[in-house]
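# Coordinate analysis (summary)
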Amino acid sequence: MSASGVGVAAKVLTERINRIEVSATMAITAEALKMKAAGISLADFGAGEPHFATPRHIKDAAIDAIEKNFTRYTAVAGIPEVRKAVVERHACDFGSDYAPEECVFTAGGKLALFNAIQVLVEHGDEVILPVPYWVSFKDMIQYSGGKVVLVETDEREDFRLTAKMIEAAITPKTKAIILNTPSNPSGAVVSPADLEAIVRLAHARGIYVLLDECYVYLTFTGAVVSGGTFTDCKSHILVMGSLSKTYAMTGWRAGFALGPKAIIGAMSKLQSQSTSNTTSFVQKAAVAALTGDQACVTEMRADYLKLRDQVLAGFKTIPGLTCTVPQGAFYVYPNVSAFIGKGGIKSAADLAAKLLSEAHVVVVPGEAFGTKEHVRLSYAVSGDVVDEGVKRMREYLGRL
Ligand SMILES: Cc1ncc(COP(=O)(O)O)c(C=O)c1O
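Once a new chain begins, its residue numbering starts again from 1 and follows that chain's sequence as written. Two thresholds apply to this predicted model, a pLDDT of at least 70 for residue-level local features and 80 or more for giving and counting side-chain atom pairs, whereas whole-chain, interface and lining totals are computed over all residues. For side-chain calculations, the full set of non-hydrogen atoms in the structure is used, while hydrogens and water are omitted.

## Quick notes on the site of the ligand
Looking at the ligand, there are 14 residues lining it, with Gly109, Asp212, Ser242, Ser244 and Lys245 nearest. Side-chain polar atom of Trp134 to an oxygen atom of the ligand: 3.5 Å apart, as the coordinates give it. For the ligand, an oxygen atom lies 2.6 Å from a polar atom in the side chain of Ser244. Accessible surface area values rest on a Shrake-Rupley calculation with a 1.4 Å probe, where residue burial reflects the displayed protein chains alone. Protein burial of the ligand: of its 400 Å² of free accessible surface, 92% is covered by the chains. Within this scheme a cavity is a closed region of a 1 Å grid, computed over the protein atoms alone, that accommodates a 1.4 Å probe without allowing it to escape, whereas a pocket is open but has protein on both sides within 12 Å along at least five of seven lines; lining residues each have an atom within 4 Å of a point. Any molecule with more than half of its atoms within 2 Å of a cavity's or pocket's grid points is counted as sitting in it. The site holding the ligand turns out to be the largest pocket. The dominant element in the shell around the ligand, judged by the number of residues it contributes, is helix α6 (residues 109-120), at 3 residues. If even one non-hydrogen atom of a residue comes within 4 Å of a molecule or strand, that residue is called near it. Polar contact is the term for a pair of N or O atoms within 3.5 Å; when the atoms are in protein, one must be able to donate a hydrogen and the other to accept it, and sequence-neighboring residues count only if both atoms are side-chain atoms. Strands here mean DSSP runs of E at least two residues long; helices mean DSSP runs of H or I at least four residues long; both are numbered from the N terminus.

## Description of the nonpolar core
The set of buried Ala, Val, Leu, Ile, Met, Phe, Trp, Tyr and Cys residues whose side-chain atoms join them within 4.5 Å is what this entry labels a nonpolar core. Accessible area is worked out with a 1.4 Å probe on protein chains only. A residue is then buried under 20% of its type maximum, exposed over 50%, and partly exposed in between. Counting residues in each nonpolar core, the largest one holds 95 residues, and the members touching the most others are Leu243, Tyr247, Tyr304, Phe315 and Met393. Here this core takes 8 residues from helix α12 (residues 295-315), the largest share from any one element. Contacts are assigned to residue pairs with any non-hydrogen atoms lying within 4.5 Å of each other. When residues no more than four places from it in sequence are discounted, the contact partners of Met393 are Phe315, Ile318, Leu321, Leu355, Val361, Leu377 and Gly398. If you look at the next biggest cluster of nonpolar residues, it comprises 34 residues, including Ala116, Val121, Ile263 and Ala368.

## Notes on the packing of aromatic side chains
The aromatic pairing rule takes the rings of Phe, Tyr and Trp, using the six-membered ring of Trp, and pairs them if the centres are within 6.5 Å, calling planes under 30 degrees apart stacked, those over 60 edge-to-face and the rest tilted. One pass over the structure, following the stated rule, counts 10 aromatic pairs. Centroid distance Tyr215 to Tyr331: 5.6 Å. Interplanar angle 80 degrees. Geometry classified as edge-to-face. Taken together, the positions of Tyr215 in the loop between β6 (208-212) and β7 (237-242) and Tyr331 in strand β9 (residues 331-332) put the pair 116 residues apart, joining distant regions of the chain. Residues Tyr215 and Tyr331 agree in their burial class; the two are buried. Centre to centre, the rings of Tyr304 and Phe330 are 5.2 Å apart; their planes meet at 40 degrees, and the pair counts as tilted.

## Examining the environment of Gly145
Secondary-structure assignment places Gly145 in the loop between α7 (135-144) and β4 (147-152). On the basis of relative accessible area, Gly145 is assigned to the buried category, the value being 14%. Once the C-alpha coordinates of Gly145 and Gly124 are considered, the two residues, 21 residues apart in sequence, prove to be 6.4 Å apart. Excluding its chain neighbours within four sequence positions, the residues that come into contact with Gly145 are Arg19, Glu122, His123 and Gly124.

## A word on empty space enclosed by the protein
Grid points are joined across faces, edges and corners, and a volume is the space filled by probe spheres set on the points. Overall, the coordinates contain 3 cavities of 30 Å³ or more when judged by the stated rule. What the largest cavity holds in volume is close to 190 Å³. In terms of lining, the largest cavity is formed by 21 residues, of which the most central are Pro130, Pro132, Leu161, Asn180 and Ser183. Breaking the lining of the largest cavity down by element, the ones donating at least two residues are β3 (126-131) and β5 (174-180). Basically, the charged four are Asp, Glu, Lys and Arg, the nonpolar ten are Ala, Val, Leu, Ile, Met, Phe, Trp, Tyr, Cys and Pro, and anything else, Gly included, counts as polar. Within the lining of the largest cavity, the residues separate by chemical class into 14 nonpolar, 6 polar and 1 charged. Forming the boundary of the second largest cavity are 14 residues, of which Tyr217, Gly241, Ser242, Phe256 and Leu290 lie nearest the centre. Of all the elements, helix α5 (residues 80-94) adds the most residues to the lining of the second largest cavity, at 4 residues. Of the residues that constitute the lining of the second largest cavity, the class distribution is 8 nonpolar, 4 polar and 2 charged.

## Quick look at the sheet that holds β4
In short, DSSP must find at least two bridges between two strands for them to pair. Taken in spatial order, the 7 strands line up as β2-β8-β7-β6-β5-β3-β4 in an open sheet, and their pairing is mixed. Strands at the two margins of the open sheet, each flanked by one partner only, are β2 (103-106) and β4. Ignoring strand direction, the axes of neighbouring strands in this sheet form an average angle of 20 degrees. The sheet contact formed by β5 and β6 spans 5 bridges and is parallel. Bridging from a neighbouring strand, Leu179 pairs with Leu211 of β6. To get an axis, fit a line to the C-alpha atoms, keeping to the stretch in contact for a helix; angles then go from 0 to 180 degrees between the N-to-C directions.

Structure, rendered in structure tokens:
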């Protein structure tokens, strides 16, 4: 093979690792980091993580666990206390009905999703994925050997997903449907009626619904249901949850899956041969988060809602920029098609690069989420950053 080394790498590495790519957000994040290191002040809407500190009582529980030397291996699927805390919190908030053995505690919701896909999806299986989608779903499916079947949603309908759209994409090879509601990147929420219809359709067809509830507590519509709410369809539902966004705990790596015992058992088996248990004292912190006062969740949600409205009001002052009203999570997904074709900008990725280099605003291009005319902004930042960032965008886009 050539002396370039490319051919060698292709031979050394497995076919499965060559099927996936590093996160599409990496390039822009790396450039933003360089600029920050050079002392440039950025309005950074790139990171998908809360700007809040982890609440005091959660930190104290971890510190206490360390002081008491709770620092050894634990059961792979999590200590009984944390599995109990997860199922009880979920039952209390969503009327689900899981036993602790139907729960595995994982190093973040991402690992729960990864492991679920690896134990369920076989080579050639089809997995339905609504667009726009969170970046990692596609690669996780491809890593397993599965085939991604995209289902387009319509921005004019607020990216609404219906059972009819899913039904049209089902074939005899369909193994699973991935739902993420509220959605990263659009903030769209699958309505309780649509969710029920999708879950019932999947159950009737023997297809698994992998429901990513990472942002479920950041829903602004009031009416919140979980896939787990439909207890009679339990055999085909896997709920993936995370403490990252709910309790501002992204760095702690705390997530979980709830589902049929055999699938949870297989996920635990996979975990037993990779990460083993999640960090012992993080599990104690998670118990404190899940069983403690939930006022912190309500307070943070109220702040996100204010920030959402502030961003949307700011966007109204930018001619040409349009944006759906997100019903949850902490992202806005404005349509930037009015600017593509102006000032040498050929794509949303180009625009994101220019916003960074010329306006010092960090956004993530929509190509990463499967659409070509959008950029994503995370408004999990201070109100001052929102104002400054919107001002910079208005000035830059106005000059195009
Ligand atoms: C849609 C979605 N699912 C899952 C995750 C994973 O979160 P974590 O692994 O921190 O629990 C994220 C994180 O950004 C996300 O946006």
